[in-house]
Amino acid sequence: MQIASSGGRRLRHAALAARAFALEAERTVTRKELAAAAYEAEVALVLRPSARQILSALVASWGEQAWERLLVWPSNEYLANRTGYTERAIRFALNHLIEQGLIIPKDSPNGKRYAVKDLAGEIIDAFGFDLTPVYARRGEWARLVAEQKQARAERKRLFDEITVSRRQTEAAIEALALHHPTIDRTAIEEQLKSLLERTPKRSSQMMPLDLAEAWETLRKTAEKLFYEMGNEGIRFRHNESNNEAPSETCTRGFPKKAEAVLPKERPAEHLSPALIIEACPALKDYGQPIRDIGDIVAAGRYLRASLGAHESAWNEAVADLGPIGAAVAVLYVLQLYEDDVASGANRIRNPGGYYRALVRMVKARKLDLETELLAMRRRRMS
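Here the residue index of a chain counts from 1 through its sequence in written order. Per-residue local features of the predicted model are confined to residues with pLDDT of at least 70, and side-chain atom pairs are confined, for both listing and counting, to 80 or more; whole-chain, interface and lining totals are unaffected and use all residues. Neither water nor hydrogens contribute to the side-chain values; these are computed over all heavy atoms in the structure.

**Student:** Describe the overall build of the protein chain, with residues and values.
**Tutor:** Numbering goes from the N terminus for both helices and strands, where a helix is a DSSP run of H or I of at least four residues and a strand is a run of E of at least two. A count of helices and strands for the protein chain gives 15 helices and four strands. Taken over 382 residues, the protein chain has a buried fraction of 38%. Nonlocal contacts in the protein chain, meaning residues at least 24 apart in sequence, comprise 69% of its contacts between residues at least 6 apart. For every residue, the accessible area (1.4 Å probe, protein chains only) is compared with the maximum for its type, and the residue is labelled buried under 20%, exposed over 50%, or partly exposed between those bounds. Should any heavy atoms of two residues lie within 4.5 Å, those residues are counted as being in contact.

**Student:** Pulling in residues and values, what's your account of the nonpolar core?
**Tutor:** Leu283, Ile296, Tyr355, Leu358, Leu369 and Leu373 are the most contacted members of the largest nonpolar core, which has 40 residues in total. Listing elements by their share of this core, those giving two or more residues are helix 7 (138-179), helix 11 (273-279), helix 12 (293-303), helix 13 (311-343), helix 14 (351-363) and helix 15 (369-381). Looking at this core element by element, the count peaks at 13 residues for helix 13. Ignoring sequence-local partners within four residues, the contact set of Leu358 consists of Ala329, Tyr332, Val333, Leu367 and Leu369. Residue types Ala, Val, Leu, Ile, Met, Phe, Trp, Tyr and Cys, when buried and joined through side-chain atoms within 4.5 Å, form a set referred to as a nonpolar core. Ranked by size, the runner-up nonpolar core spans 31 residues in total, among them Ala38, Leu58, Val134 and Trp141.

**Student:** Which residues make up the pairing of strand 3 (residues 114-117), and what values go with them?
**Tutor:** Where strand 3 lies against strand 4 (residues 123-130), four bridges are found, and the strand directions are antiparallel. In the strand pairing of strand 4, Lys117 is matched with Ile123. When DSSP finds two or more bridges between two strands, those strands count as paired.

**Student:** Give me the pattern of salt bridges: which residues, what numbers.
**Tutor:** Note on definitions: salt bridges are taken to be side-chain nitrogens of Lys or Arg within 4 Å of carboxyl oxygens of Asp or Glu. On inspection of all chains with the given rule, the structure shows 19 salt bridges. With a shortest N-O distance of 4.0 Å, Lys220 and Glu216 are connected by a salt bridge. Of the two residues, Lys220 and Glu216 both sit in helix 9 (residues 211-230), four residues apart, roughly one turn of that helix. Residue Glu216 is classed as partly exposed on the basis of its relative accessible area of 29%. Here the residues in one salt-bridge network are Glu216, Arg219, Lys220 and Glu223, joined through shared partners.

**Student:** Describe the packing of aromatic side chains, and please don't skip the residues or the numbers.
**Tutor:** Between rings of Phe, Tyr and Trp, where Trp is taken as its six-membered ring, a pair exists when centres lie within 6.5 Å; planes separated by under 30 degrees are stacked, by over 60 edge-to-face, and by other angles tilted. The final tally for this structure, using the stated rule, is two aromatic pairs. Taking the centre distance of 6.2 Å and the plane angle of 25 degrees together, the rings of Trp67 and Trp73 count as stacked. The class for Trp67 is buried, based on a relative accessible area of 13%. Between Tyr114 and Phe127, the ring centres sit 5.3 Å apart and the planes meet at 55 degrees, which makes this aromatic pair tilted. Of the two residues, Tyr114 is situated in strand 3 and Phe127 in strand 4; the sequence distance between them amounts to 13 residues. For Tyr114, a relative accessible area of 31% gives the class partly exposed. One Lys or Arg, Lys106, reaches over the ring of Phe127 and ends 5.4 Å from the middle of that ring. Geometrically, a charge over a ring is one whose NZ (Lys) or CZ (Arg) sits within 6 Å of the ring centre while staying within 35 degrees of the ring normal. Just above the ring of Tyr135 sits the side chain of Arg138; from NZ or CZ to the centre is 4.0 Å.

**Student:** Tell me about unusual backbone geometry, and please be specific about residues and values.
**Tutor:** At Val46, a residue that is not glycine, the phi angle is positive and equals roughly 50 degrees. With a relative accessible area of 61%, Val46 lands in the exposed category. Even without being glycine, Glu64 reaches a positive phi, approximately 60 degrees. Turning to its location among the elements, Glu64 is positioned in the loop between helix 3 (49-60) and strand 1 (71-72).

**Student:** Talk me through the packing of helix 13 against helix 15; I want residue IDs and the actual numbers.
**Tutor:** The relative placement of two packed helices is expressed as an angle between their axes plus a distance between the axes. Running from N to C, helix 13 and helix 15 point in directions that differ by 35 degrees, and their axes come no closer than 11 Å. Relative to helix 15, the crossing made by helix 13 is left-handed. On helix 15, the residues touching Gly325, Val328, Ala329, Tyr332, Gln335, Leu336 and Asp339 of helix 13 are Leu369, Glu372, Leu373, Met376 and Arg380. Under this grouping Gly is polar, as are all residues other than the nonpolar Ala, Val, Leu, Ile, Met, Phe, Trp, Tyr, Cys and Pro and the charged Asp, Glu, Lys and Arg. Residues that form the contact of helix 13 with helix 15 fall into these classes: seven nonpolar, two polar and three charged. Here an angle of 0 to 180 degrees is reported between the N-to-C directions of two axes, which are lines fitted to C-alpha atoms, with helices fitted over the stretch in contact. Crossing handedness: left-handed means the near helix sits turned counterclockwise from the far one by under a right angle, and right-handed means the same turn made clockwise.

**Student:** Tell me about helix 5 (residues 87-99), and please be specific about residues and values.
**Tutor:** One less than the residue count of a helix, multiplied by 1.5 Å, gives the span that helix is expected to have. Look at helix 5: 18 Å from first C-alpha to last across 13 residues, which is about the 18 Å you get at 1.5 Å a residue. When we look at burial in helix 5, the residues that qualify are Ile90, Ala93, Leu94, His96, Leu97 and Ile98.

**Student:** Account for the pairing of strand 4, naming residues and giving values.
**Tutor:** Counting buried residues along strand 4, six of its eight residues qualify, which places the element largely inside the surrounding structure. With three bridges joining them, strand 2 (residues 104-106) and strand 4 adopt antiparallel strand pairing. Bridge pairing in strand 4 links Ile104 to Asp130. What sits between the antiparallel neighbours strand 3 and strand 4 is a turn of five residues, in which Gly121 has the positive phi angle 90 degrees.

**Student:** Give me the lowdown on the environment of Val43, citing residues and values where you can.
**Tutor:** You can see Val43 is positioned in helix 2 (residues 31-45). With relative accessibility at 24%, the residue Val43 sits in the partly exposed group. Taking the C-alpha atoms as reference, Val43 lies 6.9 Å from Val145; in sequence the two are 102 residues apart. Setting aside its immediate chain neighbours within four residues, Val43 contacts Arg52, Val145 and Gln148.

**Student:** Describe in detail the environment of Phe159, supporting the description with residues and values.
**Tutor:** Take Phe159: it is sitting in helix 7. For Phe159 and Met207, which are 48 residues apart along the polypeptide, the C-alpha to C-alpha distance reads 8.7 Å. Dropping the residues within four chain positions of it, Phe159 is found in contact with Pro200, Lys201, Arg202, Ser204 and Met207.

As structure tokens, then:
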């Protein structure tokens, strides 16, 4: 079969380039195979909806003839009935498919689309559209789809990094406002506002190259400022000359057996970093030294994400229990969860939900965190 043009259609470079694509020798193509290649082409080239439907209608009209080229000859009336588009929309869609190098027009002398039959009535040729490039370029479609998938994964990774940096930056600014309300936060807050305005939505296809790095820099700046303010502006804290065991001041005067400690046996000041460290070894995941109760609050805020608890859960806990109570509850639940996983019991399926429930129980005075921590430490020591 010879590909010829009547000259009635504007000559396109894409149509000439598409003629170079051919099927393998003695290759037969089924309609199912052609439809699969057309679907990959639609995804790879991100075709508009009208072009997708017209291409699907063209594929549906393929009669699986054992020819060298995949020729179809549906009329515009047939395409309109299949897709519901007007004749004008169909012409635009066909031209778009030609520009994309998916189909090749094979025009008849009178511009009509029809099949050519021999004396026996067998179809031997046709005038219409050649779908050979759709199938012949299937390797190219697969490569483009893989590249798009990789680009989506990379874009998701960048958005995830930005989300984490944004949340941690906001948490650091909130901590500064809570613990150091007199410090000037204007510069950091303005940088945060500027980055929020520059950051596109997740549905956006474009991502500024330096945006993730800018968020990471702002996060580090905010956290460093909070850390330095916790050290009262100095680089190192004062070291006490106390050589006794860390738990000495916390355990003196308490029974040494493993039963639960009654509330009357423990004054409130015994809720100390030493007690929390001994009761909750999971604090090692924080990766920073714990020197005072301010570090406990910072650790609780940081490790809240390890429970899978939303930031709103932390905010509610701070409102109900205060920042210290909220942080201690995080560490207590985290240790319970790690002990549960280590034992193989797997009773805590949703540690974030467990954290919310624990906060409600503490607020309702159905549970006392200090008593629970003392009991947990005694169980661990025994």
